[in-house]
Amino acid sequence: MSEHLTLSDYVPHTGDMSLLDHIIDYGQGWLHASVLITEHSIFIEDQGVSATVGIEYLAQAVAAYSGSKPRALGEKPKLGFLLGIRRYESSIDYFPIGSRITLKVELEMEADNGLHVFQGRLIGNGFEASARLNVFQPADADEFLKGVL
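Reading the values: the criteria
Residues numbered from 1 in each chain as written. Predicted model: local features only at pLDDT ≥ 70, side-chain atom pairs only at ≥ 80, totals over all residues. Heavy atoms only, no water. Pairing = 2+ DSSP bridges. Helix = DSSP H or I, 4+ residues; strand = E, 2+ residues; numbered from the N terminus. Axes fitted to C-alpha atoms, helices over the stretch in contact; angles between N-to-C directions. Contact = heavy atoms within 4.5 Å. Salt bridge = Lys/Arg side-chain N within 4 Å of Asp/Glu carboxyl O. Buried < 20%, exposed > 50% of the residue type's maximum accessible area, 1.4 Å probe, protein only.

- An unreviewed UniProt entry lists the protein chain under the name 3-hydroxylacyl-ACP dehydratase, with Paraglaciecola chathamensis given as the organism.

This is the structure we're talking about:
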């Protein structure tokens, strides 16, 4: 990408809950992003960040991909929901401090009703993790939440 990619243009997450550092690149059906694990990372423990947080890293990469469509139209990213994770596997228990993690998400299925399936991978120096993510992005999140709450 030749343009500077600002995370807030792609994801609805803000403040400490915006976990991605950079969107590296994206295209039709895929996105690559990165996270640097530091002593100031949210969810940091003595050993690093638990590999289970990798699920949220992947979910935010999916959100960034989903945010690329409204961004192209000059609109804000829409709210989506992580419905489930299948087969999350990580080769390590903690992402060590100093690790740069590359996140790769690829759209596998997109339904007209807002359901999507993504394959996600986290790759670092000497480790990797992967999962399938089932997500839902309603046409109007506010209306959807009124019906749920």
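**A look at the sheet that holds strand β6 (residues 94-95)**
Link 1 in the chain: Ordered by their spatial adjacency, 3 strands build an open sheet running β3-β4-β6, and the pairing between neighbours is antiparallel. The open sheet terminates on both sides in strands that have one partner only, identified here as β3 (44-45) and β6.

**Some details on the sheet that holds strand β5 (residues 81-90)**
Link 1 in the chain: Strands sit in the order β1-β2-β7-β8-β9-β5 across an open sheet of 6 strands; the sheet is antiparallel. Where the open sheet ends on each side, the last strands, each with one partner, are β1 (22-27) and β5. Here the average twist between neighbouring strands, direction ignored, is 20 degrees.
Link 2 in the chain: Sheet topology places strand β8 (residues 115-124) next to strand β9 (residues 127-136); 10 bridges connect them, and they run antiparallel. Opposite Phe-118, over in β9, you have Leu-133 as the bridge partner.

**A word on the side chain of Ser-34**
Link 1 in the chain: Positionally, Ser-34 belongs in strand β2 (residues 30-36).
Link 2 in the chain: Residues in contact with Ser-34, not counting those within four places in the same chain, are Leu-20, Asp-21, His-22, Ile-24, Arg-100, Ile-101 and Leu-103.

**Remarks on the pattern of salt bridges**
Oppositely charged side chains can pair when the atoms bearing their charge come close.
Link 1 in the chain: The final tally for this structure, using the stated rule, is 3 salt bridges.
Link 2 in the chain: Where Glu-108 meets Arg-132, a salt bridge forms, and the shortest distance between an N and an O atom there is 2.2 Å. Here Glu-108 is found in strand β7 (residues 100-110), whereas its partner Arg-132 is found in strand β9, with 24 residues between them in sequence.
Link 3 in the chain: On the basis of relative accessible area, Arg-132 is assigned to the partly exposed category, the value being 28%.
Link 4 in the chain: The partner of Glu-128 in a salt bridge is Arg-121, with the nearest N and O atoms 3.6 Å apart.
Link 5 in the chain: The exposure class of Glu-128 is partly exposed, given its relative accessible area of 39%.

**A look at the environment of Gly-54**
Link 1 in the chain: By the secondary structure assignment, Gly-54 is in helix α1 (residues 54-72).
Link 2 in the chain: The sequence separation of Gly-54 and Tyr-88 amounts to 34 residues, and the corresponding C-alpha distance is 9.0 Å.
Link 3 in the chain: Setting aside its immediate chain neighbours within four residues, Gly-54 contacts Tyr-88, Phe-95 and Leu-122.

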